[in-house]
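What follows is the residue order along each chain.
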Amino acid sequence: MAKAAKASVKPSAAERCEPGKFRIIVDVGHTSEALGATSARNDPEFGFNLHLAKLVGERLKASGFAATRVLVTDGKAKASLLKRVATANGARADLFLSIHHDSVPDQLLEQWEFDGAKSWFSDRFSGHSLFVSERNPHFAASLSFARLLGKELKAGGLHYASQYTLPLMGRYRHQLLDKDVGVYRYDSLVVLSRTNSAAVLLEAGSIINRDEEMAMNSPERQELIAGAVSTAMRTYCEKR
Ligand SMILES: [Zn+2]
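The written sequence of each chain sets the order in which its residues are numbered from 1. Totals for whole chains, interfaces and linings use every residue, but because this is a predicted model, local features are given only for residues with pLDDT of at least 70 and side-chain atom pairs only at 80 or more, for both listing and counting. Hydrogens and water are ignored here; the side-chain numbers use all heavy atoms of the structure.

1. Side note on the overall build of the protein
Each helix and strand in the protein was counted, giving eight helices and nine strands. This radius of gyration counts C-alpha atoms alone. The globule rule is 2.2 Å times how many residues there are, raised to the power 0.38. Scaling as 2.2 N^0.38, a compact globule of 240 residues should have a C-alpha radius of gyration of about 18 Å, and the protein matches this with 18 Å. When the backbone C-alpha atoms are referred to their principal axes, the protein occupies close to 70 × 35 × 35 Å. We call a residue buried when its accessible area falls under 20% of the maximum for its residue type, exposed when it is over 50%, and partly exposed in between, using a 1.4 Å probe and counting protein chains only. Split into buried and exposed, the 240 residues of the protein put 50% on the buried side. Any pair of residues with heavy atoms lying within 4.5 Å of one another is described as a contacting pair. Within the protein, residue pairs in contact and separated by at least 24 positions form 74% of the contacts whose partners lie at least 6 positions apart. When the accessible area of the protein is evaluated, it comes to approximately 11600 Å², of which 52% is carbon and sulfur surface. Charge convention: Lys and Arg are scored as positive, Asp and Glu as negative, and His as well as the terminal groups of each chain are ignored. For the purpose of locating charges, the reference atoms are NZ of Lys, CZ of Arg, CG of Asp and CD of Glu. If you average the places of the 32 positive and of the 27 negative side-chain charges in the protein, the two averages end up 10 Å apart. Strands here are runs of E lasting at least two residues and helices are runs of H or I lasting at least four, both read from the DSSP assignment and numbered beginning at the N terminus. The Shrake-Rupley method, run with a 1.4 Å probe, gives the accessible areas here. Residue values count only the displayed protein chains as cover.

2. With respect to the state of the cysteines
Sulfur atoms of two cysteines make up a disulfide when they are within 2.5 Å. By the definition in use, this model includes one disulfide. Note on cysteine connectivity: Cys17 is disulfide-linked to Cys237, with sulfurs 1.6 Å apart. Residues Cys17 and Cys237 are joined through a disulfide that is left-handed, its torsion about the S-S bond being -90 degrees. A residue pair is termed long-range when its members are at least 10 positions apart, and Cys17 in the loop between α2 (13-16) and β1 (24-28) and Cys237 in helix α8 (residues 219-239) qualify at 220 residues. For the pair shown, Cys17 and Cys237 are each scored as buried.

3. So, the coordination of the zinc ion
Here a donor is any nitrogen, oxygen or sulfur atom (N, O, S) within 2.8 Å of the metal, with 3.2 Å used for Na, K and Ca; water is not among the atoms considered, so some sites may look incomplete. Donor atoms from the polypeptide that coordinate the zinc ion comprise His30 (NE2), Glu45 (OE), Glu45 (OE) and His100 (ND1), at 2.1 to 2.8 Å from the metal. Counting gaps between the donor residues of the zinc ion yields the pattern H-x14-E-x54-H. Of this pair, His30 sits in the loop between β1 and α3 (45-62) while His100 sits in strand β3 (residues 95-102), and the two are 70 residues apart along the sequence. A residue is classified by how much of its surface remains accessible, and His100, at 12% relative accessible area, is buried.

4. A few points about the environment of Phe46
Looking at the element boundaries, Phe46 is found in helix α3. By relative accessible area, Phe46 is classed as buried at 10%.

5. As for the packing of helix α5 (residues 139-155) against α8
Each pair of packed helices can be summarised by the angle the axes make with each other and by the distance between the axes. Direction vectors running N to C along α5 and α8 enclose 135 degrees, while the axes themselves pass 8 Å from each other. Here α5 is positioned oblique relative to α8, judged by the angle of their axes. Crossing hand, α5 versus α8: right-handed. The segment α5 lies against α8, with Ala141, Ser144, Phe145, Leu148, Leu149, Glu152 and Leu153 engaging Ile225, Ala228, Val229, Thr231, Ala232, Met233, Thr235, Tyr236 and Lys239. Following the grouping adopted for this structure description, the nonpolar residues are Ala, Val, Leu, Ile, Met, Phe, Trp, Tyr, Cys and Pro, the charged ones are Asp, Glu, Lys and Arg, and the polar ones are all others, Gly among them. The class makeup of the residues in the contact of α5 with α8 is 11 nonpolar, three polar and two charged. Lines fitted to C-alpha atoms define the axes here, with helix axes fitted over just the stretch in contact, and angles between the N-to-C directions of these axes take values from 0 to 180 degrees. By definition in this entry, angles of less than 35 degrees are roughly parallel, angles greater than 145 are roughly antiparallel, angles of 65 to 115 are roughly perpendicular, and the rest are oblique. For a crossing to be left-handed, the near helix must be turned anticlockwise from the far one by less than a right angle; the clockwise case is right-handed.

6. What about the pattern of salt bridges?
One side chain can pair with another of opposite charge once the charged atoms of both are near each other. Note on definitions: salt bridges are taken to be side-chain nitrogens of Lys or Arg within 4 Å of carboxyl oxygens of Asp or Glu. A complete count under the given rule lists 12 salt bridges for this structure. Glu134 serves as the salt-bridge partner of Arg185, at 3.7 Å between the closest nitrogen and oxygen. Of the two residues, Arg185 is situated in strand β8 (residues 183-185) and Glu134 in the loop between β6 (129-132) and α5; the sequence distance between them amounts to 51 residues. Residue classification places Glu134 among the partly exposed residues on the basis of a relative accessible area of 40%. Among the charged side chains, a salt-bridge network with shared partners connects Glu58, Arg59 and Glu223.

7. Some words on the pairing of β3
The side chains of a regular strand alternate, residue by residue, between the two faces of the sheet. Within β3, eight of the eight residues are buried, which leaves it mostly tucked inside the rest of the structure. By the alternation rule, side chains of β3 split into Leu95, Leu97, Ile99 and His101 and Phe96, Ser98, His100 and Asp102, which are all buried. When DSSP finds two or more bridges between a pair of strands, those strands are recorded as paired. Where β1 and β3 come together, five bridges link them in parallel fashion. Residue pairing in the sheet places Val28 in a bridge with Ile99 of β3. Two strands pair when backbone bridges link them, and β3 and strand β9 (residues 198-206) are joined in this way by seven bridges, in the parallel orientation. Across the sheet, the residue bridging to Asp102 is Ser206, located in β9.

This is the structure in structure tokens:
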């Protein structure tokens, strides 16, 4: 019986991963109402996320992932998380990638003046990081894509943020699942644990770090990251 059932089940286009039919959601972290972190130069994280996510979406489409959708959500922070999940699940997404930019816990912030305004920064940490949830129904696939993306970012000369294992991170402390490319475990994160598809969150870089904020604003860095996502997606797809 098992044999007959197996023979009659053809993997779907998405399971085989035909790029043109593979439904990727590129989720823009935060909303125009709840802007996320504030950069060292007082720019909101949401703007960084929106810009990079759009570029990632363009690069994915250009490399054959025509069913890619960039997801912009509105509303208050917490409600927007459930909206994202509902949209991704309703669209029967195959892979959910949330784009964010990083900051540090408040106690690490130092004061400086930028553009005549009292501003906050921390140059202590830098780098990108990747998060996956063990509660996601496709944890193994999520981890696999996160690793591939981490590998591409590393190949592009970037380093990951290593501070998440440190006690000073408090409630933001996370287990490092891949110490070579910087994949952390974040089980309770709503957009990772409640999505029905594989899901990964990318903190693309730190905007509270004064040098890295400049880098994150540069087209070179943005292209590097968007290219890394599309190359990783290609490899992920070929492996299925
Ligand atoms: Zn964020």
